[in-house]
Amino acid sequence: MYGWTGTILRVDLTTGRVTRERLHPRDAKLFLGARGLGARLLSREVSPAVDALGPDNKLIFAPGPLSGTFAPSMGRYDVITKSPLTGAIAASNSGGTFGPELKFAGYDMLVIEGRARVPVYLWIHNDEVEIREAGDIWGEMVPETTEMVRLATDEDARVACIGPAGEKLSLMANIMNDMHRAAGRSGVGAVMGAKNLKAVAVVGTKPVKVADPEAFEQAVLAAREKISKHPIGGKGLRLYGTDVLVNILNEIGSFPTRNFRDGYFAAADKIGGESLASEHLLRPKGCFACTISCGRVTKVTNPKFAGEGEGPEYETAWGFGADCGIDDLEAICKANYLCNELGLDTISTASTIACAMDMYADEIISPEDTGGFEIRFGDAETMIELVRLTGLREGFGDRLADGSFRLAEKFGHAEYSMSVKKQEIPAYDPRGIQGIGLQYATSNRGGCHVRGYTISPEVLGVPVKMDQRSTEGKPEMVIELQNLGAALDATGACLFTTFGIGAEELAALLSSVTGVKYTSADLLKAGERIWNLERQWNLAVGLTSLDDTLPTRLLDDPIASGPSQGEVSRLREMLPAYYELRGWDAEGIPTPAKLKELSLA
Amino acid sequence: MIIRYFAMLRNVTRQNEQAWNAPVSSVRELLEELCRVYGTEFRQWMVDENGNLGGLSIVLVNGTDYRHLGGLDAPLQADDVVAIFPPVAGG
């Protein structure tokens, strides 16, 4: 095969058995790779009723057919599993160099099964695969783990691992690769921890074969030029990173503040990308074959919050900033570094702490519940201590480690959790931006913005400007972006390539790499197929249309101040049209005709 | 009128915010005037590859995108707050 390696690597940690099997060409053609092929394998092999943290759940690492090639900014991979946070299918996407290295080692997917008796790590060197004991690494933070595994294997090994949060089964634990990149959402790190798997180290030296090198070269040059010439893909993201969104979202009054009590944060500029660039940025950083370089290598020298690492991204600056009522960028950086070291998802962790602050403000919880902490909005030092306790599951951190929904529900007030399907929603207030609310509610992995990034048309005007406060045309737009996003993820492409190229360029790249002819319509159809397959899985788990909703605060309580004052989400107007346009019935169930059309029947 | 600048425009104008007292009646007039005052460095972020003014940037008038207020002809008042962003994004 071209593009695909044609091989799936399977490791059963219960028995220690390592096997290889052929990737079926029809599956590859229909589901592309990464998120798509992972969903295909999970839905075939894992019962939706499985305990997400039990040995019968499977953990799949999957790069895409473009990963490991010179296609610009397309070296990503997904981690697919049943999420312990949501119960839904998880597909957490990450950059860096780990995904391409798996391809170089010869694998389209690494499937982890069972549960090791003692802590182990996996060492993959091309065809050699070894399960090694990891007792001396267990308990270590992500940077130390990465270094220790490299020392024991190969100094050039690409390492994906969990920190203490994953070991302690925090439902917000992520999997970190290349030390600073995160497969962040849905608690995939807890699944790895439950399997007693501390790390996966990979070295590969095989090429990714390209079907039509000449056509591929032309497609790469064309895509690279379009991204480079685009003012956002070519310059804006490198200069300011994603955190530049802080001021934009705040100026339109849709910057969630103090656990979504408001949509405007007066001190936003202090935590935005402009401040980060002028005060803490050491250099921008790109992933494998990336021409965009949105990553931020940063440093804080103030002894109170000293540290060095990567980030914060926009979501993180928002979460530990405005959502917690904090305007101290150094504290935000510190919380970000800690999350990366502990192996915690920054969005869910920050939102869960904001939820605790909100409940504290309303006297639902008191120092008696929090182990003596006064958890007030705006208290940066307490916020940072809570991050640490969460990652280690110590004290009140043990409660926080299971996410905001379980925390708020425990105290009888689930409505304080700003989550969808128990996963925390990110940094765009759906009361002021109507399409993103529909996206949050229908996202197959719960609260998430990148499943259908409506902010591009609704706020940034890319490719065309839509009125963010109107519901008109939003169901169609959300569906198109969800399908495109699923296809992008499945190829291994970064979402930010869409600031420069679209489905047509992606189809040209994919066709020349794989030798399978894809049109842009084929690609969008593959995205729709993946979306419906994920939906089928979630319905089988027991999720229903009642779960396609938003917190009542966002549906009923208007934004309190700022330019979007008085707005609420009009999700209820949009959802029936969304179902109908998707070819689903009124209960959000794909019709037999739709499933047949997508070759899913 | 208050004008707020963001990202690269802060380097070009050497300020985050400025009070604007010269009379301008529309977004078009304001952007043309700013391009004249701050020159090609400012203009490069305001004009897209097809020569369209405002095609690249995000211009908000009191928190609402000018494209939903009548486009370049959107009227401006003396007490408006105008926020101007060059083409930047995140996710």
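Looking now at the overall build of chain B. On a plain count of helices and strands, chain B comes out with two helices and five strands. For chain B, the C-alpha radius of gyration of 12 Å lies close to 12 Å, the compact-globule estimate for 91 residues. Structurally, chain B occupies a C-alpha span of about 30 × 30 × 25 Å along its principal axes. The proportion of buried residues among the 91 residues of chain B is 56%. Contacts spanning at least 24 positions in sequence make up 52% of the contacts within chain B whose residues lie at least 6 apart. When the accessible surface of chain B is totalled, it reaches about 4,100 Å², and 43% of it is carbon and sulfur. Seen as two clouds, the 7 positive and the 11 negative side-chain charges of chain B have centres 6 Å apart.

Moving on to the domain arrangement of chain A. All names here are of chain A. For chain A, the domain assignment lists domain 1 (7-203), domain 2 (231-359 + 367-413) and domain 3 (434-499 + 519-597). Inter-centroid distance (C-alpha atoms) of domain 1 to domain 3 is 27 Å. Counting the contacts that link domain 1 with domain 3 gives two salt bridges. Measuring nitrogen to oxygen at the nearest pair gives 2.8 Å for the salt bridge that ties Arg-35 to Glu-534. Of all the elements, helix H2 (residues 34-45) adds the most residues to the side of domain 1 that touches domain 3, at seven residues. A class-by-class count of the residues in the side of domain 1 that touches domain 3 yields 15 nonpolar, 13 polar and six charged.

Residue and element names in this part refer to chain A. The strand order across the open sheet formed by six strands is S8-S7-S12-S9-S10-S11, and the pairing between neighbours is mixed. Edge positions in the sheet fall to strand S8 (128-133) and strand S11 (181-183), since each of these pairs with one other strand and no more. The sheet shows a mean angle of 20° between the axes of neighbouring strands, taken without regard to direction. For strand S7 (residues 120-125) and S8, the ladder comprises six bridges, and the chain directions are antiparallel. Bridge pairing in S8 links His-125 to Glu-128. Where helix H3 (residues 98-105) meets the sheet, it contacts S7, strand S9 (158-161), strand S10 (175-177) and strand S12 (197-203), and its direction lies at approximately 60° from that of S12.

Another aspect to go through is the interface of chain A and chain B. Of the residues lining the interface, 33 residues belong to chain A; the matching set on chain B comes to 24 residues. Contact between chain A and chain B buries roughly 2,200 Å² in total, counting both sides, with carbon and sulfur atoms accounting for 63%. Contact with chain B buries surface across chain A, with Tyr-240, Glu-251 and Lys-465 of chain A losing the most and accounting together for 24% of the total. Taken together, the links from chain A to chain B amount to two salt bridges. Across the salt bridge formed by Asp-269 of chain A and Arg-10 of chain B, the nearest N and O atoms sit 3.0 Å from each other. Applying the counting criterion to the chain A and chain B interface returns ten residue pairs in polar contact (both at pLDDT 80 or more).

Quick look at the packing of helix H18 (residues 434-442) of chain A against helix H24 (residues 571-582) of chain A now. Helix packing for two helices is described by the angle between their axes and how far apart those axes are. All names here are of chain A. Packing of H18 against H24 leaves a shortest axis separation of 10 Å and a crossing angle of 60°. In terms of orientation, H18 and H24 fall into the oblique class. Where H18 crosses over H24, the handedness of that crossing is right-handed. Of the residues in H24, those touching H18 at Gln-434, Gly-437, Leu-438, Ala-441 and Thr-442 are Leu-571, Met-574, Leu-575 and Tyr-578. For the contact of H18 with H24, the residue count by class is six nonpolar, three polar and no charged.

Glancing now at the packing of aromatic side chains. Residues and elements named next belong to chain A. Counted under the stated rule, the structure contains 16 aromatic pairs over all chains. Ring geometry for Phe-260 and Trp-318: centres 6.0 Å apart, planes at 75°, overall edge-to-face. Here Phe-260 is found in the loop between helix H9 (245-251) and helix H10 (273-279), whereas its partner Trp-318 is found in helix H11 (residues 314-320), with 58 residues between them in sequence. Comparing Phe-260 with Trp-318 shows no difference in burial state: the two are buried. Taken together, a centroid distance of 6.1 Å and an interplanar angle of 40° make the contact between Tyr-579 and Trp-584 tilted. Here Tyr-579 matches Trp-584 in class, with each residue buried. Three or more aromatic residues joined by ring pairs form one cluster here, namely Phe-255, Tyr-314, Tyr-428 and Tyr-453. One Lys or Arg, Arg-553, reaches over the ring of Tyr-416 and ends 5.5 Å from the middle of that ring.

Let us look at the sheet that holds strand S6 (residues 109-113) of chain A. All names here are of chain A. Ordered by their spatial adjacency, six strands build an open sheet running S2-S1-S6-S3-S4-S5, and the pairing between neighbours is mixed. What marks the edges here is a single partner per strand, and that holds for strand S2 (17-22) and strand S5 (89-94). Ignoring strand direction, the axes of neighbouring strands in this sheet form an average angle of 15°. The sheet contact formed by strand S1 (residues 7-12) and S6 spans five bridges and is parallel. Bridge pairing in S6 places Leu-9 opposite Leu-110.

In terms of burial, S7 of chain A is a largely internal element, five of the six residues being buried. Here S7 of chain A folds back onto S8 of chain A in antiparallel fashion, the turn holding two residues, of which Asn-126 of chain A has a positive phi close to 50°.

Side chains bearing opposite charge may pair, as long as their charged atoms lie close to each other. All names here are of chain A. Counted under the stated rule, the structure contains 45 salt bridges over all chains. As a salt-bridge pair, Asp-548 and Arg-535 come within 2.9 Å of each other at their nearest N and O atoms. Residue Asp-548 is found in the loop between helix H22 (520-541) and helix H23 (552-556), and its partner Arg-535 is found in helix H22; the two are separated by 13 residues along the sequence. Per residue, the accessibility class of Asp-548 equals that of Arg-535, and both read buried. In the salt-bridge network here, residues are joined through shared partners; they are Arg-10, Glu-21, Glu-45, Lys-58 and Glu-113.

Next up on the list: helix H4 (residues 142-152) of chain A. Residues separated by three or four positions in an α-helix point in the same direction, a consequence of the helix having 3.6 residues per turn. Considered for burial, the residues of H4 of chain A that qualify are Val-142, Thr-145, Thr-146, Val-149 and Arg-150 of chain A. One side of H4 of chain A holds all its buried residues, which, seen down the axis, span an arc of 125°.

A word on the side chain of Arg-296 of chain A. Residues and elements named next belong to chain A. Looking at the element boundaries, Arg-296 is found in strand S14 (residues 295-300). Among buried charged residues, Arg-296 stands out as having no salt bridge; its nearest opposite-charge side chain is Glu-313, 6.9 Å away. A polar contact is formed between the side chain of Arg-296 and the backbone oxygen of Leu-239, at a distance of 3.2 Å. Within polar-contact distance, the side chain of Arg-296 engages the backbone oxygen of Cys-294 at 3.1 Å.

Definitions and limits used
Residues numbered from 1 in each chain as written. Chains lettered and ligands numbered in written order. Predicted model: local features only at pLDDT ≥ 70, side-chain atom pairs only at ≥ 80, totals over all residues. Heavy atoms only, no water. Helix = DSSP H or I, 4+ residues; strand = E, 2+ residues; numbered from the N terminus. Rg over C-alpha atoms; globule rule 2.2 N^0.38 Å. Buried < 20%, exposed > 50% of the residue type's maximum accessible area, 1.4 Å probe, protein only. Contact = heavy atoms within 4.5 Å. Areas by Shrake-Rupley, 256 points an atom, 1.4 Å probe, with all protein chains shown as cover. Lys, Arg positive; Asp, Glu negative; His and termini not counted. Charge placed at Lys NZ, Arg CZ, Asp CG, Glu CD. Domains from an automatic or database assignment. Salt bridge = Lys/Arg side-chain N within 4 Å of Asp/Glu carboxyl O. Nonpolar A, V, L, I, M, F, W, Y, C, P; charged D, E, K, R; others polar. Pairing = 2+ DSSP bridges. Axes fitted to C-alpha atoms, helices over the stretch in contact; angles between N-to-C directions. Buried area = accessible area lost by both parts, 1.4 Å probe. Polar contact = N/O pair within 3.5 Å; in protein donor to acceptor, adjacent residues only side chain to side chain. Parallel < 35°, antiparallel > 145°, perpendicular 65-115°, else oblique. Left-handed = near helix turned anticlockwise from the far one by under 90°. Phe/Tyr/Trp six-rings, centres within 6.5 Å; stacked < 30°, edge-to-face > 60°. Lys NZ or Arg CZ within 6 Å of the ring centre and 35° of its normal. Arc of directions from axis to C-beta.

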